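The primary structure of each chain is shown beneath.
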Amino acid sequence: MSSSQPPIGTERKVVTELPGPKSRALHERRRQVVSAGLSTGFPVYIERGEGAILLDVDGNQFLDLGSGIAVTSIGHAVPAVIEAVSQQVADFTHTCFMVVPYEEYVEVCEELAALTPGDFPKTTALFNSGSEAVENAVKVARLATGRQAIVAFDHAYHGRTNLTMALTAKNMPYKEHFGPFAPEVYRAPMSYPYRDGLSGAEAAQRAIAAIESQVGAHNVAGLLIEPIQGEGGFVVPADGFLPALSAWAAAHGVVFIADEIQAGFCRTGDWFAVNHEGVIPDLVTTAKGLAGGLPLAAVTGRAELMNAVHEGGLGGTYGGNPVAAAAALATIRTMRELDLPAKARAIGETLSTRLHAIAAESPLVGDVRGRGAMMAIELVTPGTTEPNAAAAKAVVAYCNQNGVLALSCGTYGNVIRLLPPLVITDAQLRDGLDVLAEAVRAAS
Ligand code: PLZ
């Protein structure tokens with residue numbers, strides 16, 4: 001522990017009304033100076049973290065079942081990351097890799113080449129955010145193919161910049177009045193087994209038919225897909241959907257881009273979500289879990305695509321910042337040492353059993369889905385498949401009031417997603433699921 005503060009421990013603990021007085025005062029200050037355009041899930045202001053626990057300014061301890069949206073997969077305040085980052089800050093914080101380079105950047109790219117699927121030469125470019133990685137994957141796909149069209153899917157989330165807003169499906173809150181959007185972006189139907197009842201092959205056929213008739217395969221530079229959708233509702237496509245799309249892309253010279261920004265880096269029980277179906281993307285975008293909380297993102301892929309770009313065509317002032325790169329190296333080392341893919345699979349078993357039990361007990365739960373430590377329940381009006389966003393809101397609020405940070409998501413806002421740190425203890429996970437079960441009972 002390099003913090004001079006006393007350890008936080010592993011307990012969930014609510015000691016004030018929530019939010020507490022100090023958080024309320026901070027929230028008032030914030031209102032004066034922070035743009036109202038930023039939302040807040042729960043306005044408790046955080047002071048410190050440890051493992052799966054976040055401590056707020058009023059002394060309340062929250063069990064974190066969201067990992068800051070799948071970022072702190074290795075937990076909060078991990079000694080290996082603290083050490084690596086502190087050392088790097090002391091050594092140097094910035095040179096700009098395009099001006100004078102450094103080893104940490106190269107080493108992160110070596111790790112990504114080794115970890116991402118595909119037994120072929122791969123190169124990487126590093127960026128600051130997931131959105132930026134997606135934008136750059138699109139740039140590479142367009143340049144390498146000489147084509148313009150990019151196909152994204154219903155319920156997709158790829159970011160908030162202009163190009164990635166176009167790629168993101170949901171209007172509110174991401175796109176409303178922010179247009180005009182980037183051209184040559186097309187949307188294909190996603191496989192969403194709970195709502196379309198199609199097999200993977202059928203759903204792929206439907207998507208391919210739409211692309212071929214509305215865009216033309218020869219015009220498509222890239223097919224961009226989240227192997228398990230994140231913001232869109234933890235939609236897991238039916239088995240065979242991804243392999244069929246990947247085979248179609250390969251047959252038509254289309255670059256298959258897997259957006260693993262939320263599902264990647266051990267989250268689903270493997271290093272990448274595509275691994276579960278043996279899909280080998282041409283390009284992979286990563287961020288979030290990659291650097292243990294520091295901002296770092298990457299595009300990794302076939303060297304002949306990534307290297308088709310003219311020198312100077314990719315870059316940015318901060319991309320691959322040495323401190324973020326050092327954090328990523330410590331994070332990846334920790335993931336290996338603790339075998340976090342195996343931890344995610346074990347968490348997935350506990351989640352699956354418990355979420356199915358909650359579903360059996362409550363008619364609010366229409367579907368349980370996900371993989372590993374990326375699982376969700378979709379809430380509906382009992383007896384129908386009508387999305388029930390009000391129930392999701394009530395469940396999250398109940399969890400929050402009881403010291404559990406849980407997140408909602410989904411095109412219809414009716415999905416509760418669980419993204420615990422992969423270092424969560426079994427006791428903590430069971431405790432969090434007890435609160436979730438109570439929350440669903442209270443909303444039923
Ligand atoms: N691709 C699959 O999940 C980010 C967004 C939170 P950035 N998801 C969380 C919000 O409301 O802004 C995400 C993702 C997938 C791309 C992104 C974008 O990553 O680092 O937020 O730009």
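Above this text sits the structure in question.
In this text the structure is predicted, and so the values were computed from the model without any measurement.

Counting its regular elements, the protein chain contains 14 helices and 15 strands. For the protein chain, the C-alpha radius of gyration of 21 Å lies close to 22 Å, the compact-globule estimate for 444 residues. Each principal axis of the C-alpha atoms in the protein chain carries an extent, and together these give about 60 × 60 × 45 Å. Across the 444 residues of the protein chain, 53% fall into the buried class. For the protein chain, the exposed surface amounts to about 18,000 Å²; the carbon and sulfur share of it is 54%. Computed over 32 positive and 45 negative side-chain charges, the inter-centroid distance for the protein chain is 5 Å.

Strands sit in the order E4-E10-E9-E8-E7-E5-E6 across an open sheet of seven strands; the sheet is mixed. Since the sheet does not close on itself, it has two edges, and those belong to strand E4 (122–127) and strand E6 (185–188), each with one partner. Geometrically, the sheet is characterised by an average inter-axis angle of 20 degrees between neighbouring strands, direction not taken into account. In this sheet, strand E10 (residues 297–302) lies alongside E4 in antiparallel orientation, the contact comprising six bridges. By the bridge assignment, Ala125 is partnered in E10 with Val299. Against the sheet, helix H5 (residues 130–145) contacts E4, strand E5 (149–153), strand E7 (220–225), strand E8 (255–259), strand E9 (283–286) and E10, and its axis sits at roughly 165 degrees relative to E9.

By the element assignment, Ser23 lies in helix H1 (residues 21–33). Here Ser23 is in contact with Pro43, Val44, Tyr45, Asp56, Val57 and Asp58, once residues within four sequence places are set aside.

Moving on, we come to unusual backbone geometry. Across the junction of Leu18 and Pro19, the peptide omega takes the value -10 degrees, indicating a cis bond. Assignment of secondary structure puts Pro19 in the segment before H1. In this model, Met172 is joined to Pro173 through a cis peptide bond whose omega is 0 degrees. Looking at the element boundaries, Pro173 is found in the loop between helix H6 (162–167) and E6.

What follows concerns the nonpolar core. Phe153, Phe241, Leu245, Phe265, Leu355, Leu379 and Leu436 are the most contacted members of the largest nonpolar core, which has 95 residues in total. Looking at this core element by element, the count peaks at ten residues for helix H11 (residues 322–337). Setting aside chain neighbours within four positions, we find Phe265 in contact with Leu112, Leu115, Trp271, Phe272, Thr286, Gly289, Leu290, Ile332 and Met335. If you look at the next biggest cluster of nonpolar residues, it comprises 26 residues, including Ala137, Val140, Ile261 and Leu283.

Turning our attention to the side chain of Asn60. Structurally, Asn60 is set in the loop between strand E2 (53–56) and strand E3 (61–64). Of the polar contacts made by the side chain of Asn60, one reaches the backbone nitrogen of Val15; its length is 2.6 Å. There is a polar contact of 2.9 Å between the side chain of Asn60 and the side chain of Thr16. When sequence neighbours within four positions are dropped, the list of residues in contact with Asn60 reads Lys13, Val14, Val15, Thr16, Leu18, Leu54 and Leu55.

Now for the packing of helix H13 (residues 389–401) against helix H14 (residues 426–443). Relative orientation of the contacting elements H13 and H14 amounts to 135 degrees, with a least axis distance of 9 Å. Comparing the axis directions of H13 and H14 gives the class oblique. Note that H13 runs across H14; the crossing there is right-handed. Residues Ala391, Ala394, Val395, Tyr398 and Cys399 of H13 form the contact with H14, whose participating residues are Val435, Leu436, Glu438, Ala439, Val440, Ala442 and Ala443. A breakdown of the residues in the contact of H13 with H14 according to their chemical character gives eleven nonpolar, no polar and one charged.

Definitions and limits used
Residues numbered from 1 in each chain as written. Predicted model: local features only at pLDDT ≥ 70, side-chain atom pairs only at ≥ 80, totals over all residues. Heavy atoms only, no water. Helix = DSSP H or I, 4+ residues; strand = E, 2+ residues; numbered from the N terminus. Rg over C-alpha atoms; globule rule 2.2 N^0.38 Å. Buried < 20%, exposed > 50% of the residue type's maximum accessible area, 1.4 Å probe, protein only. Areas by Shrake-Rupley, 256 points an atom, 1.4 Å probe, with all protein chains shown as cover. Lys, Arg positive; Asp, Glu negative; His and termini not counted. Charge placed at Lys NZ, Arg CZ, Asp CG, Glu CD. Pairing = 2+ DSSP bridges. Axes fitted to C-alpha atoms, helices over the stretch in contact; angles between N-to-C directions. Contact = heavy atoms within 4.5 Å. Core = buried A, V, L, I, M, F, W, Y, C linked by side-chain atoms within 4.5 Å. Polar contact = N/O pair within 3.5 Å; in protein donor to acceptor, adjacent residues only side chain to side chain. Parallel < 35°, antiparallel > 145°, perpendicular 65-115°, else oblique. Left-handed = near helix turned anticlockwise from the far one by under 90°. Nonpolar A, V, L, I, M, F, W, Y, C, P; charged D, E, K, R; others polar.

Any link to function would need more than the numbers given here.
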